[in-house]
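The chain contents come next:
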Amino acid sequence: MSLKKVAGRDTSRRRRERARGLSWEGSGGSGRGVRRFAGPLIIALAAVAVLVALDYWMNAGRIYRGVEVGDVALGGKTPEEAEEIVLRRAEGALERVELRGGPEGEVSFSARRMGVDYKVRQTVEAAYAVGREGGILERLGERLRAAYGTVTIEPRVDYRREVARQRVEELASRLDHPPRQAEVNVYGSEVDVVGSREGYRLDVEATMRSIDRAVEDMSGEARLVGRVLEPEYTTAEAERAAERARRALGGQLVLTYEGRRWTVSPAAVGDSLEITARDGEFRVGVDRERLRQNLSGVYAAINQEPVEAGYEISGEQITVTPSRTGRAIQDEKLLGAIAEGVFEGRREYEIPVAVDRPELTTAEAERLKPTDLLATYQTNYLTYDDSPGRVENLEIASEAVDGTLLAPGEVFSFNELAAPLEYHDTKVIINGRVDTAEGGGLCQVSSTLYMAANLAGLDVIERHPHYAELPYIRPGFDATVWFGALDMKFKNTSPGYILIREWVDRSTGTVNAAIYGRPSGIEVDMRSEKVSETVDEEGNPVTTWVTYQTVRKNGEVVFDGVLHKDVYKYLKPAAPDAPYDERPVN
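Not measured: the values here are computed from a predicted model.

### Let's talk about unusual backbone geometry
Move 1: Within the chain, Glu 258 stands out as a residue other than glycine whose phi angle is a positive 45 degrees.
Move 2: Phi at Asp 279 is positive, roughly 55 degrees, even though this residue is not glycine.
Move 3: As for its position among the elements, Asp 279 is in the loop between β15 (273–278) and β16 (281–286).

### As for the packing of aromatic side chains
Move 1: Summed over the entire model, instances satisfying the criterion amount to 5 aromatic pairs.
Move 2: Plain terms: the ring middles of Tyr 423 and Phe 483 are 6.4 Å apart, the flat faces sit at 40 degrees to each other, and that makes the pair tilted. Residue Tyr 423 is located in the loop between α16 (414–418) and β25 (425–430), and its partner Phe 483 is located in the loop between β27 (459–462) and β28 (489–491); the two are separated by 60 residues in the primary sequence.
Move 3: Overall, the relative accessible area of 35% leaves Phe 483 in the partly exposed class.
Move 4: One residue, Arg 244, lies across the ring of Phe 343, its end atom 3.8 Å from the ring centre.

### Here we look at the pattern of salt bridges
Move 1: Across all of its chains, the model carries 24 salt bridges by this definition.
Move 2: Here Asp 402 makes a salt bridge to Arg 501, at a shortest N to O gap of 2.7 Å. Of this pair, Asp 402 sits in the loop between α15 (388–401) and β23 (404–406) while Arg 501 sits in strand β29 (residues 498–505), and the two are 99 residues apart along the sequence.
Move 3: Here Arg 501 falls in the buried class, since its relative accessible area comes to 18%.
Move 4: With a shortest N-O distance of 2.9 Å, Asp 525 and Arg 552 are connected by a salt bridge. Within this pair, whereas Asp 525 is found in strand β31 (residues 522–535), its partner Arg 552 is found in strand β32 (residues 541–553), the two being separated by 27 residues in sequence.
Move 5: When its relative accessible area of 42% is taken as the criterion, Asp 525 is described as partly exposed.
Move 6: Judged by relative accessible area, which is 27%, Arg 552 ranks as partly exposed.

### Thoughts on the environment of Val 86
Move 1: Its place among the elements puts Val 86 in helix α3 (residues 79–89).
Move 2: It is 7.5 Å that separates the C-alpha atoms of Val 86 and Val 72, two residues lying 14 residues apart in sequence.
Move 3: Those residues in contact with Val 86 that lie beyond four places of it in its chain are Leu 74, Val 120, Val 124 and Met 218.

### So, the confidence of the model for the protein chain
Move 1: Per-residue confidence for the protein chain averages 87 on the pLDDT scale, and 85% of its residues sit at or above 70.
Move 2: Every residue in residues 1–31 scores below 50 in pLDDT, and together they form 4 contacts with partners more than four places removed in sequence or on other chains.
Move 3: In this model residues 578–585 is a low-confidence stretch, pLDDT under 50, and it forms 28 contacts with partners more than four residues away in sequence or in other chains.

### Details of the side chain of Ser 446
Move 1: With respect to the element layout, Ser 446 can be found in helix α17 (residues 442–455).
Move 2: The class for Ser 446 is buried, based on a relative accessible area of 0%.
Move 3: At a separation of 2.6 Å, a polar atom in the side chain of Ser 446 contacts the main-chain carbonyl oxygen of Ala 479.
Move 4: Apart from residues no more than four positions distant in its own chain, Ser 446 is found in contact with Phe 414, Ala 479, Thr 480, Val 481 and Met 488.

### Overview of the nonpolar core
Here is a general trend for soluble globular proteins: nonpolar side chains tend to be buried in one another's company.
Move 1: Counting residues in each nonpolar core, the largest one holds 41 residues, and the members touching the most others are Phe 412, Phe 414, Leu 449, Met 488, Phe 490 and Ile 515.
Move 2: Counting residues per element, the ones that place at least two in this core are β22 (372–380), α15, α16, α17, β29, β30 (510–517) and β31.
Move 3: Looking at this core, the element that brings in the most residues is α17, giving 9 residues.
Move 4: Excluding residues that lie within four positions of it along the chain, Phe 412 makes contacts with Val 401, Thr 404, Leu 406, Leu 417, Leu 449, Met 488, Lys 489, Phe 490 and Ile 500.
Move 5: In this structure, Ala 82, Tyr 118, Ala 127 and Ala 172 belong to the second largest nonpolar core, which totals 40 residues.

### Here we look at the sheet that holds β23
Sheet strands line up and pair through hydrogen bonds in the backbone, either parallel or antiparallel.
Move 1: The 4 strands lie next to each other as β22-β30-β29-β23, forming an open sheet whose pairing is antiparallel. Because the sheet does not close on itself, it has two edges, and the strands there are β22 and β23. Each strand axis lies, on average, 20 degrees off the axis of its neighbour in the sheet, ignoring direction.
Move 2: Taken together, the 7 bridges between β29 and β30 define a ladder with antiparallel strand orientation. When the sheet's bridge partners are listed, Asp 505 is paired in β30 with Thr 510.

### Re the environment of Asn 554
Move 1: Here Asn 554 is to be found in the loop between β32 and β33 (556–568).
Move 2: The exposure class of Asn 554 is exposed, given its relative accessible area of 62%.
Move 3: Measuring from C-alpha to C-alpha, the distance between Asn 554 and Ile 522 comes to 6.3 Å, with 32 residues separating the pair along the chain.
Move 4: Aside from chain neighbours lying at most four places away, what touches Asn 554 is Ser 520 and Gly 521.

### Let's talk about the sheet that holds strand β3 (residues 96–100)
Move 1: As summarised here, the arrangement of the 3 strands in space is β4-β3-β11, forming an open sheet in which the pairing is mixed. The open sheet terminates on both sides in strands that have one partner only, identified here as β4 (106–110) and β11 (221–223). Adjacent strand axes in the sheet meet at a mean angle of 25 degrees, parallel and antiparallel pairs treated alike.
Move 2: Note: β3 against β4, 5 bridges, orientation antiparallel.

### Describing the packing of α15 against α17
Move 1: Close contact between α15 and α17 brings their axes to 8 Å; oriented N to C, the two are set at 45 degrees. Put simply, α15 runs oblique to α17. α15 and α17 meet at a crossing whose hand is right-handed. Taking contact as the criterion, the partners of Arg 390, Asn 393, Leu 394, Ala 397, Ser 398 and Val 401 in α15 are, on α17, Leu 442, Gln 444, Val 445 and Leu 449.
Move 2: When its residues are assigned to classes, the contact of α15 with α17 shows 6 nonpolar, 3 polar and 1 charged.

### A short note on helix α6 (residues 136–148)
Move 1: For α6, spanning 13 residues, the distance from its first C-alpha to its last is 18 Å, which sits close to the expected 18 Å at 1.5 Å a residue.
Move 2: Glu 142, Arg 143 and Ala 146 are the residues of α6 that are buried. The arc that holds the buried residues of α6, viewed along the axis, is 100 degrees, so those residues lie on one side. Along α6, the residues that are exposed and aim more than 90 degrees away from the buried face are Ile 136, Leu 137, Leu 144 and Tyr 148.

### Re the packing of helix α7 (residues 161–175) against helix α8 (residues 204–216)
Move 1: Between α7 and α8, the shortest axis-to-axis distance is 10 Å and the interhelical angle comes to 135 degrees. One way to sum up the angle between α7 and α8 is to call them oblique. Where α7 crosses over α8, the two elements pack in a sense that is right-handed. Counted together, Arg 161, Ala 164, Arg 165, Val 168, Glu 169 and Ala 172 of α7 and Val 204, Glu 205, Thr 207, Met 208, Arg 209, Ile 211 and Asp 212 of α8 form the full contact between these two elements.
Move 2: A breakdown of the residues in the contact of α7 with α8 according to their chemical character gives 6 nonpolar, 1 polar and 6 charged.

The rules behind the values
Going along each chain's sequence as written, the residues are numbered from 1 onward. At least 70 in pLDDT is required for a residue's local features to be given in this predicted model, at least 80 for side-chain atom pairs to be given and counted, and no such filter applies to totals for whole chains, interfaces and linings, which use all residues. Note that water and hydrogens are dropped before the side-chain values are worked out from all heavy atoms of the structure. Put simply, DSSP H or I for four residues or longer makes a helix, DSSP E for two residues or longer makes a strand, and each gets a number counted from the N terminus. Working definition: rings of Phe, Tyr and Trp (its six-membered ring) pair if their centres are within 6.5 Å, and the pair is stacked with planes under 30 degrees apart, edge-to-face with planes over 60 apart, and tilted otherwise. The rule is simple: take the accessible area with a 1.4 Å probe, protein chains only, and divide by the maximum for that residue type; under 20% is buried, over 50% is exposed, in between is partly exposed. Working rule: Lys NZ or Arg CZ, within 6 Å of ring centre, within 35 degrees of ring normal, means a charge sits over the ring. Put simply, a salt bridge is a Lys or Arg side-chain nitrogen that is within 4 Å of an Asp or Glu carboxyl oxygen. Note on contacts: a residue pair is in contact if any heavy atoms of the two residues lie within 4.5 Å. pLDDT measures how confident the predictor is about each residue, on a scale from 0 to 100. Any N or O atom pair separated by 3.5 Å or less is treated as a polar contact, with the protein-specific requirement of one donor-capable and one acceptor-capable atom, and with residues adjacent in sequence counted only for side-chain atom pairs. The set of buried Ala, Val, Leu, Ile, Met, Phe, Trp, Tyr and Cys residues whose side-chain atoms join them within 4.5 Å is what this entry labels a nonpolar core. Strands are treated as partners if at least two bridges between them are detected by DSSP. Angles run from 0 to 180 degrees between N-to-C directions of axes, and those axes are lines fitted to C-alpha atoms, restricted for helices to the stretch in contact. Note on terminology: angles under 35 degrees are roughly parallel, angles over 145 are roughly antiparallel, angles of 65 to 115 are roughly perpendicular, and the others are oblique. Two helices cross in a left-handed way if the nearer one is turned anticlockwise from the farther one by less than a right angle. They cross in a right-handed way if the turn is clockwise. Residue polarity follows a fixed list, in which Ala, Val, Leu, Ile, Met, Phe, Trp, Tyr, Cys and Pro are nonpolar, Asp, Glu, Lys and Arg are charged, and the others, Gly among them, are polar. Here a helix's expected span is defined as the number of its residues, less one, multiplied by 1.5 Å. The arc in question is formed by the directions pointing from the helix axis toward the C-beta atoms.

Written out as structure tokens, the structure is:
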């Protein structure tokens, strides 16, 4: 080929490049640049090829340098050598997994029981495969990383984590225990302290993470991760409380009152102590109710209820039964003093006692004792009904009232005394007609007493007339009762006690009432008059009576007028269709 032809070709090419808008100068410069870099690149590739060949020759049959399994360097070792090294490194882990720490120090499990099975040969094969598998670039990249750094291979291991967790949870069930709180106990006069102890709780999750790392780095050594649980009530705090309790039990207590002396043993004091635990502290005090029980003998010897003066009645004689002043230990003062003093070493205490005087003393009872007959009244049951059942009812009700003492200002209620008793069924008047029911005769007892109370100058505060006139008492002087509805009441307005006497005299057929009291200078007269007599719509008689009362005090008239006005109707024979009237007659 001649130079001319070459020049011609270059000229033609130049024209074509110009037609495409390219600069020849630029093209000429690039060509020279390519030639300039091609040489070094070829040299570099040749050098790499040489290095690769050298690396291959140097590492033939050996693991590339920079390859590690876990933290064990295997570079430059044959697979056989590497397998031996890994076996030595994992020798412990292959056999057992050690768990250090915890309350028992060290716990060991076989690797199999922990679900760990190391695959040593597979691990070494993975290490040997570094830089030898994959595409050319991948192999070169792994070799460079190994040569200028580290390639770490994870150990090939069959690790069943759920098996390891089961072992850890079993361990937790054995190791976990709550802290034991200190105690202070009092037995008689002795004080005993039960020491505290720390508790423990295994952290299963944190322990599993430590086992995971031990499996990964083939160390076979993991830590038991747990927490010590401190008791809230410590031995030191219990000892301080015990010392306070022992001060309280330092000797017997001596209690005195008006020359008398009682001792309380340390055991009784110990039984009265109260030890409570709150907010990390023991509080030692005295249970006042238990202390009171332990002082029951002292209380029994000193305390006595006050006794009111009273009256004994024997026939017409009234005698005063003496009063007695009561005594009561002042609980708060005595128990409070002991509760505070026993911890300060005090052993002797004067018993504070309050005097409880009776409301009615012997002297007052003598001054208020009934001495005179103030009034008496009687009615005759023979004029109305002397059947055995009615007479017995008269006696039952009279005995309920008889012997009643009424203090000044006190109110007497006939029903209160007579209602609780049982009576015979006898003739009564209900709804305006004669009938038979329980309690016949009670109204004669109440009417007789009503008149005695009036004549004694007492204040009658409740009284109801009968439905019809009755033969045993004058109209206007009667007082009917009906349990739960109608009562007869009067108030003691005299200056002293009054004594009510009421009895039945079968020999005369009379019901008798008498009232005894202190002389008051009061005299009472009573009378009643019929002021009208009419007939009802059936032509039966209806009468109206007015009762008058004259009261004199020390001879001077203080009241003279109408006491009340009553209307009495006709008493019809028994019949189911009788008109209703709620006032009974008996």
